[in-house]
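Below, each chain spelled out in residue letters.
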Amino acid sequence: MLVDFNTLPEESRVWIYQANRSFTDEEIVDIEDKLKIFIENWTAHGSDLQSGFTIQYKRFIVIALNQNLNIATGCSIDASVHFFQQLEKDYNVDLMDKMNVSYKQGEYVAYKTLLDFKKMAKDKAVSKNTIVFNNMVTNIAEFNENWEVPASESWHSRFLK
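Remember, it's a predicted structure, so these values are computed and weren't measured experimentally. (Residues numbered from 1 in each chain as written. Predicted model: local features only at pLDDT ≥ 70, side-chain atom pairs only at ≥ 80, totals over all residues. Heavy atoms only, no water.)

Participant: In this structure, what is going on with the overall build of the chain? I would like to understand it.
Facilitator: Secondary structure assignment for the chain yields four helices and nine strands. Expressed as lengths along the three principal axes of its C-alpha atoms, the size of the chain is roughly 50 × 30 × 25 Å. By sequence separation, contacts in the chain at least 24 residues apart represent 64% of the contacts at least 6 residues apart. Here the chain displays about 8600 Å² of accessible surface, and carbon together with sulfur accounts for 49% of that area. One way to put it: in the chain the 17 positive side-chain charges average out to a point 12 Å from where the 23 negative ones average out. (Helix = DSSP H or I, 4+ residues; strand = E, 2+ residues; numbered from the N terminus. Contact = heavy atoms within 4.5 Å. Areas by Shrake-Rupley, 256 points an atom, 1.4 Å probe, with all protein chains shown as cover. Lys, Arg positive; Asp, Glu negative; His and termini not counted. Charge placed at Lys NZ, Arg CZ, Asp CG, Glu CD.)

Next comes the structure, spelled out in C-alpha coordinates:
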(Lines give C-alpha, C1' and ligand atoms only; values in the text may rest on other atoms or scores of the structure.)
Protein backbone atom coordinates (compact mmCIF):
# COMPACT_ATOMS: atom_id res chain seq x y z
CA MET A 1 0.00 0.00 0.00
CA LEU A 2 1.63 3.17 -1.25
CA VAL A 3 1.45 6.20 1.04
CA ASP A 4 3.21 9.56 1.07
CA PHE A 5 6.71 9.10 2.53
CA ASN A 6 6.20 12.16 4.76
CA THR A 7 3.10 10.68 6.42
CA LEU A 8 4.84 7.55 7.69
CA PRO A 9 5.66 7.28 11.43
CA GLU A 10 9.18 8.22 12.50
CA GLU A 11 9.92 4.64 13.57
CA SER A 12 9.25 3.36 10.04
CA ARG A 13 12.15 1.30 8.72
CA VAL A 14 14.16 2.77 5.85
CA TRP A 15 16.35 1.32 3.15
CA ILE A 16 18.61 3.68 1.24
CA TYR A 17 19.94 2.87 -2.21
CA GLN A 18 22.58 5.25 -3.51
CA ALA A 19 23.33 5.42 -7.19
CA ASN A 20 26.84 5.73 -8.55
CA ARG A 21 25.63 8.56 -10.78
CA SER A 22 22.82 11.08 -10.87
CA PHE A 23 19.61 10.07 -12.57
CA THR A 24 18.27 12.22 -15.39
CA ASP A 25 14.91 13.93 -14.93
CA GLU A 26 13.38 11.46 -17.38
CA GLU A 27 14.83 8.49 -15.49
CA ILE A 28 13.45 9.84 -12.20
CA VAL A 29 9.92 10.04 -13.64
CA ASP A 30 10.25 6.49 -14.93
CA ILE A 31 11.72 5.18 -11.66
CA GLU A 32 8.98 6.87 -9.63
CA ASP A 33 6.36 5.14 -11.79
CA LYS A 34 8.07 1.76 -11.25
CA LEU A 35 8.38 2.39 -7.50
CA LYS A 36 4.67 3.21 -7.25
CA ILE A 37 3.75 -0.06 -8.97
CA PHE A 38 6.21 -2.08 -6.88
CA ILE A 39 5.07 -0.62 -3.55
CA GLU A 40 1.37 -0.92 -4.42
CA ASN A 41 1.95 -4.65 -4.89
CA TRP A 42 4.52 -5.20 -2.10
CA THR A 43 3.22 -7.65 0.48
CA ALA A 44 4.36 -9.87 3.35
CA HIS A 45 2.50 -13.18 3.53
CA GLY A 46 -0.36 -11.65 1.57
CA SER A 47 -0.67 -8.56 3.76
CA ASP A 48 -0.10 -5.10 2.31
CA LEU A 49 3.02 -3.27 3.43
CA GLN A 50 2.31 0.40 4.10
CA SER A 51 5.27 2.05 2.42
CA GLY A 52 6.44 5.20 0.74
CA PHE A 53 9.50 6.44 -1.07
CA THR A 54 11.47 9.53 -1.83
CA ILE A 55 14.25 10.25 -4.29
CA GLN A 56 16.85 12.68 -2.98
CA TYR A 57 19.50 14.62 -4.90
CA LYS A 58 18.64 12.66 -8.08
CA ARG A 59 20.84 9.92 -6.60
CA PHE A 60 19.29 8.30 -3.52
CA ILE A 61 16.18 6.13 -3.52
CA VAL A 62 14.76 5.78 -0.02
CA ILE A 63 11.98 3.33 0.80
CA ALA A 64 10.22 3.46 4.17
CA LEU A 65 7.97 0.80 5.69
CA ASN A 66 5.52 1.32 8.54
CA GLN A 67 6.35 -1.72 10.66
CA ASN A 68 3.59 -0.86 13.14
CA LEU A 69 1.15 -2.44 10.69
CA ASN A 70 3.18 -5.24 9.10
CA ILE A 71 6.87 -6.09 9.07
CA ALA A 72 8.88 -7.06 6.04
CA THR A 73 9.56 -10.78 5.84
CA GLY A 74 12.37 -12.59 4.09
CA CYS A 75 10.27 -12.99 0.96
CA SER A 76 9.21 -9.34 0.87
CA ILE A 77 12.80 -8.18 1.40
CA ASP A 78 13.93 -10.53 -1.38
CA ALA A 79 11.27 -8.99 -3.64
CA SER A 80 12.62 -5.50 -2.94
CA VAL A 81 16.20 -6.63 -3.64
CA HIS A 82 15.10 -8.14 -6.96
CA PHE A 83 13.27 -4.92 -7.79
CA PHE A 84 16.42 -2.85 -7.21
CA GLN A 85 18.57 -5.31 -9.12
CA GLN A 86 16.21 -4.84 -12.06
CA LEU A 87 16.51 -1.05 -11.75
CA GLU A 88 20.29 -1.47 -11.89
CA LYS A 89 19.95 -3.34 -15.18
CA ASP A 90 17.32 -1.00 -16.62
CA TYR A 91 19.37 2.14 -15.97
CA ASN A 92 22.92 0.76 -16.06
CA VAL A 93 23.54 2.04 -12.54
CA ASP A 94 24.92 0.60 -9.30
CA LEU A 95 22.47 0.78 -6.39
CA MET A 96 23.50 -2.16 -4.22
CA ASP A 97 27.20 -1.60 -3.47
CA LYS A 98 27.38 -0.45 0.15
CA MET A 99 31.16 -0.01 0.00
CA ASN A 100 30.92 3.40 -1.64
CA VAL A 101 30.66 6.84 -0.10
CA SER A 102 28.63 9.85 -1.13
CA TYR A 103 29.42 13.28 0.25
CA LYS A 104 28.77 16.91 -0.54
CA GLN A 105 31.15 19.22 -2.34
CA GLY A 106 29.18 22.43 -2.05
CA GLU A 107 25.77 21.54 -3.45
CA TYR A 108 27.21 18.80 -5.64
CA VAL A 109 27.00 15.19 -4.41
CA ALA A 110 30.24 13.32 -5.05
CA TYR A 111 30.53 9.54 -5.11
CA LYS A 112 33.73 7.62 -4.38
CA THR A 113 34.77 4.11 -3.55
CA LEU A 114 35.55 3.58 0.10
CA LEU A 115 39.25 3.18 -0.77
CA ASP A 116 39.26 6.51 -2.62
CA PHE A 117 37.44 8.19 0.29
CA LYS A 118 40.02 6.82 2.75
CA LYS A 119 42.81 8.17 0.55
CA MET A 120 41.09 11.55 0.32
CA ALA A 121 40.79 11.64 4.12
CA LYS A 122 44.49 10.80 4.47
CA ASP A 123 45.36 13.52 1.94
CA LYS A 124 43.06 15.97 3.80
CA ALA A 125 40.87 16.38 0.69
CA VAL A 126 37.88 15.72 2.96
CA SER A 127 37.61 16.75 6.59
CA LYS A 128 35.57 16.12 9.71
CA ASN A 129 33.27 18.92 8.50
CA THR A 130 32.60 17.33 5.10
CA ILE A 131 28.90 16.50 4.84
CA VAL A 132 28.49 12.77 4.24
CA PHE A 133 25.44 10.62 3.68
CA ASN A 134 25.08 8.02 6.41
CA ASN A 135 23.13 5.33 4.57
CA MET A 136 23.27 3.13 7.69
CA VAL A 137 20.31 4.92 9.29
CA THR A 138 17.49 2.51 10.04
CA ASN A 139 14.31 4.57 10.43
CA ILE A 140 12.73 7.85 9.34
CA ALA A 141 13.70 9.67 12.54
CA GLU A 142 17.36 8.76 12.00
CA PHE A 143 17.02 9.59 8.30
CA ASN A 144 15.72 13.07 9.14
CA GLU A 145 18.32 13.73 11.84
CA ASN A 146 21.44 11.73 10.92
CA TRP A 147 21.47 11.03 7.21
CA GLU A 148 23.27 14.20 6.10
CA VAL A 149 25.86 14.87 8.77
CA PRO A 150 29.43 16.08 9.17
CA ALA A 151 31.81 13.15 8.73
CA SER A 152 32.85 13.57 12.38
CA GLU A 153 29.31 12.49 13.41
CA SER A 154 29.16 9.41 11.19
CA TRP A 155 30.88 6.07 10.78
CA HIS A 156 33.07 7.89 8.25
CA SER A 157 34.91 9.54 11.17
CA ARG A 158 37.15 6.48 11.58
CA PHE A 159 39.00 7.55 8.43
CA LEU A 160 39.63 11.12 9.61
CA LYS A 161 42.49 11.95 11.92
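Participant: Would you mind showing me how to read the nonpolar core here?
Facilitator: Side chains that are nonpolar tend, in soluble globular proteins, to be buried together. Counting residues in each nonpolar core, the largest one holds 24 residues, and the members touching the most others are Phe23, Ile31, Leu35, Ile61, Phe84, Leu87 and Leu95. Going through the elements one at a time, strand E1 (13-18), helix H1 (25-41), strand E4 (51-56), strand E5 (60-65) and helix H2 (74-91) are the ones with two or more residues in this core. Sorting elements by how many residues they give to this core places H1 first, with five residues. For Leu95, the contacting residues outside a window of four places in its chain are Tyr17, Gln18, Ala19, Phe23, Ile61, Phe84, Leu87 and Glu88. With 14 residues, the next largest nonpolar core counts Val3, Ile16, Ala64 and Val137 among its residues. (Core = buried A, V, L, I, M, F, W, Y, C linked by side-chain atoms within 4.5 Å. Buried < 20%, exposed > 50% of the residue type's maximum accessible area, 1.4 Å probe, protein only.)

Participant: Explain the pattern of salt bridges here, please?
Facilitator: What the rule picks out here adds up to six salt bridges. A salt bridge links Asp30 to Lys34; its shortest N-O distance comes to 3.9 Å. Linking Asp30 with Lys34, this pair stays in helix H1, spanning four residues, or about one helical turn. We note a salt bridge from Asp90 to Lys34, for which the minimum N-O separation is 3.0 Å. Of this pair, Asp90 sits in helix H2 while Lys34 sits in helix H1, and the two are 56 residues apart along the sequence. Overall, the relative accessible area of 37% leaves Asp90 in the partly exposed class. With a relative accessible area of 27%, Lys34 lands in the partly exposed category. Look at the salt bridges and you will find they share partners, linking Asp30, Lys34 and Asp90 into a network. (Salt bridge = Lys/Arg side-chain N within 4 Å of Asp/Glu carboxyl O.)

Participant: Where do I start with the pairing of strand E7 (residues 108-113) in this structure?
Facilitator: Across a regular strand the side chains alternate sides, sitting on one face of the sheet and then on the other. Taken together, the six bridges between strand E6 (residues 100-105) and E7 define a ladder with antiparallel strand orientation. In the sheet register, Ser102 faces E7, and the bridge partner there is Tyr111. In this structure, the hairpin formed by E6 and E7 is closed by a connection of two residues, where Gly106 is found at a positive phi of approximately 65°. (Pairing = 2+ DSSP bridges.)

Participant: I'm lost on the environment of Ile140 in this one. Help?
Facilitator: Locating Ile140 in the fold gives a position in helix H4 (residues 140-146). Judged by relative accessible area, which is 4%, Ile140 ranks as buried. As for Ile140 and Asn6, which are separated by 134 residues in sequence, their C-alpha atoms are 9.1 Å apart.

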